[in-house]
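# Secondary and tertiary structure notes
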Amino acid sequence: MIHSQHPAVAVAQSRVAELDDGFGTGFAPTAIRVIDDAVAVTMDSTKARFIIIMEDIDGEWSAPSTLVGTTRPDGPRAERTPDHLPLKQMSRKRVPTLRAPDQSWFAVAGLAAQDAAEVSIVVDGHEYREPIDANGTAFAIVRIREGQEPTAFVHTRDGRAVKATH
């Protein structure tokens, strides 16, 4: 269930409403992750997906001035996670934090196969896992420092960990 009542979701919705027509209409939040003083929201339309990472600055949710998106995953979900492409229409996004110039937010999103259970991001030996929702949306976010190179994995119910490369 999407926490659509979170105030950052309204900011994300307002931000995508400013986009021009080429991206489709009817953007809606499909996933949200809250980490410390930041919130990441995936916003999907009929044609596009945007990951919007916002931070709480003095009680106000601040959205980035530039949005980068991908085409929205469509079609049926695969039954089994393929070894070469575990997330359909995968998005990887790195956004500088507003508070610390040597840190960034790193997010990964995509459509997972039916056997996928979790998506994870590994940074310097630490793993951050998020469940894949019933619709197959895989979405995870972590804070990273300058020079760190995160790696994303899809974890299947049968115990496989498939590296998600772009």
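Below is a summary of the structure that appears in this document. As the structure is a computational prediction, the values presented were derived from the model and not from experiment. (Residues numbered from 1 in each chain as written. Predicted model: local features only at pLDDT ≥ 70, side-chain atom pairs only at ≥ 80, totals over all residues. Heavy atoms only, no water.)

### Here's the deal with the nonpolar core
Keep this limit in mind: In this description, a nonpolar core means a group of buried Ala, Val, Leu, Ile, Met, Phe, Trp, Tyr and Cys residues linked to one another through side-chain atoms lying within 4.5 Å. For the exposure calls, accessible area comes from a 1.4 Å probe over protein chains only, and a residue counts as buried if that area is under 20% of its type's maximum, exposed if over 50%, partly exposed in between. Each helix is a run of H or I in the DSSP string that is no shorter than four residues. Each strand is a run of E no shorter than two, and both are numbered from the N terminus. Throughout, a residue-residue contact means that at least one pair of heavy atoms, one from each residue, lies within 4.5 Å.
The biggest cluster of nonpolar side chains holds 17 residues, and the ones touching the most others in it are Leu87, Val108, Ala112, Ile121, Ile132, Ala138 and Val142. Those elements that provide at least two residues to this core are β6 (87-96), β7 (103-112), β8 (116-123), β10 (137-145) and β11 (151-156). The residues contacting Val108, other than those within four sequence positions of it, are Leu87, Met90, Ser91, Arg92, Val119, Ile121, Ala138, Phe139, Ala140 and Ala152. Phe27, Val39, Met43 and Leu67 belong to the second-largest nonpolar core, a separate cluster that totals 15 residues.

### Observations concerning the pattern of salt bridges
Just so we agree on the cut-off: A pairing counts as a salt bridge when a side-chain nitrogen of Lys or Arg comes within 4 Å of a carboxyl oxygen of Asp or Glu.
The final tally for this structure, using the stated rule, is 13 salt bridges. In this structure, Arg99 and Asp37 form a salt bridge, with 2.9 Å as the shortest nitrogen-oxygen distance. Taken together, the positions of Arg99 in the loop between β6 and β7 and Asp37 in the loop between β1 (28-35) and β2 (38-44) put the pair 62 residues apart, joining distant regions of the chain. Judged by relative accessible area, Asp37 falls into the partly exposed class, the value being 21%. With a closest N to O distance of 3.5 Å, Asp158 and Arg160 form a salt bridge. Sharing partners across several salt bridges, the network here consists of Arg80, Asp83, Asp115, Asp158 and Arg160.

### So, the pairing of β2
For clarity, the threshold we go by: For two strands to pair, DSSP has to find at least two bridges joining them.
Buried residues dominate β2, accounting for seven of its seven residues. With seven bridges joining them, β1 and β2 adopt antiparallel strand pairing. For Ile35, the partnering residue across the bridge sits in β2 and is Ala38. Here β1 folds back onto β2 in antiparallel fashion, the turn holding two residues, of which Asp36 has a positive phi close to 50°. Note: β2 against strand β3 (residues 48-57), seven bridges, orientation antiparallel. Residue pairing for β3: Ala40 is matched across the bridge by Ile53.

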